[in-house]
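Summary of structural features
Listed here are the chains, written in short residue letters.
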Amino acid sequence: MSTPYLTESELSDAIAMLPPCPLGTQPRLVRDADIDPIVALTNLAYQDAVWFKHPSIHDRTSAADARDQSAQGNPSSTYICIDWPTASECEERGLPLPPPTEGSLVETDSGTGGLGSSGGPIALAINLHRDAWSGPGALMISLLAVHPRLHGRGLAKYIMALSVQISRIVACRERQSPRLVIEVVSVQSHLFDIYGKMGFEIVGKRTWDEFGVDPDMFTVECHLVLMQRQLEPLVLLDEDHAQDQEEREQIELDEGANLTMTVQA
């Protein structure tokens, strides 16, 4: 059986490396019941990118694509989401209230999607997958979607920081050099500066033909710009070094305890 791209414990380790999420809710792996609300959220979040696309490709993703990318145990891809806090939690934290619900449905500007598997709306979703074109160790960020009501809350910055730690953890497990890559459509030039401030550099371009996409589906001439951020690797200790480290830490703890006893005496 193949190893999933990201395990629950690895996600927990990555979360533990960061300050709390701005919403106060924990990132989690997507479940099958989350697919419909994630598709609705993603297509809503990408409404500002429809101006250079023909109507047939206005929707950024579909249930079939999202289900394939989030499949349990998928060795090449993982989907992560963050749940919207409850209404009372939003009031306590000064956050916008979640979208109105009716039964098990959530109304959005791009249609209606179901509630997430945790029983409430989903505030953010992101897909992370291996980038075969960039070689070993490359983690592609795609389909980052933040609900428009939550813009300016630091969620995108938080999820990017989480992606950095996830990339380092997975690359460490696989003994690869960690890198984050992202593709930006050339006509969305404002994103170059945004990602540049996050440490990404332009390293090349890709044409739609490389992915089997018809360039005529776009209303203006454009291509994909590849941006990359090289990351510092985690240090992987072998069992002997790990045991030595544990013994050193135990000695320090014992010395600290002895010092405390001496002071108390």
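1. A closer look at helix H2 (residues 35–45)
Within H2, nine of the eleven residues are buried, leaving the element largely enclosed by the surrounding structure. Within H2 the residues assigned to the buried category are Ile35, Pro37, Ile38, Val39, Ala40, Leu41, Thr42, Asn43 and Leu44.

2. Points about the side chain of Asp131
Relative to the helices and strands, Asp131 is located in the loop between strand E6 (122–130) and strand E7 (138–146). Judged by relative accessible area, Asp131 falls into the buried class, the value being 3%. Leave out the neighbours within four places in its chain, and Asp131 touches Ala138, Met140, Val181 and Arg206.

3. Details of the environment of Gln72
Structurally, Gln72 is set in the loop between helix H3 (63–69) and strand E2 (77–83). In this structure the C-alpha to C-alpha distance between Gln72 and Leu6, which are 66 residues apart in sequence, comes to 9.8 Å.

4. Quick word on the packing of aromatic side chains
Per the stated rule, a full pass over the model turns up three aromatic pairs. Relative to Phe218, the ring of Trp208 has its centre 4.3 Å away and its plane inclined at 20°; by these criteria the two rings are stacked. Residue Trp208 is found in the loop between strand E9 (201–206) and strand E10 (224–230), and its partner Phe218 is found in the loop between E9 and E10; the two are separated by ten residues along the sequence. For Trp208, a relative accessible area of 10% translates into the label buried. Residue Phe218 is classed as buried on the basis of its relative accessible area of 10%. Each residue in the set Phe52, Trp208 and Phe218 is aromatic and connected to the rest through ring pairs, giving one cluster. Stacked on the ring of Tyr46, the Lys or Arg Arg60 has its end atom at 5.4 Å from the ring centre.

5. Quick look at the sheet that holds E6
Ordered in space as E1-E2-E6-E7-E8-E10-E9, the seven strands form an open sheet in which the pairing is mixed. Lying at the two open borders of the sheet, with one neighbouring strand each, are strand E1 (27–29) and E9. The average undirected angle you get between the axes of adjacent strands in this sheet is 30°. Note that E1 and E2 share three bridges and pair antiparallel. Counterpart to Leu29 in the pairing with E2 is Ile80. Of the strands in this sheet, E2, E6 and E7 are in contact with H2, which crosses E6 at around 90°. Sheet strands touched by helix H5 (residues 155–173): E1, E2, E6, E7, strand E8 (179–185) and E10. Its angle to E7, the strand with the most contacts, is close to 155°.

Thresholds applied
- Residues numbered from 1 in each chain as written.
- Predicted model: local features only at pLDDT ≥ 70, side-chain atom pairs only at ≥ 80, totals over all residues.
- Heavy atoms only, no water.
- Buried < 20%, exposed > 50% of the residue type's maximum accessible area, 1.4 Å probe, protein only.
- Helix = DSSP H or I, 4+ residues; strand = E, 2+ residues; numbered from the N terminus.
- Contact = heavy atoms within 4.5 Å.
- Phe/Tyr/Trp six-rings, centres within 6.5 Å; stacked < 30°, edge-to-face > 60°.
- Lys NZ or Arg CZ within 6 Å of the ring centre and 35° of its normal.
- Pairing = 2+ DSSP bridges.
- Axes fitted to C-alpha atoms, helices over the stretch in contact; angles between N-to-C directions.

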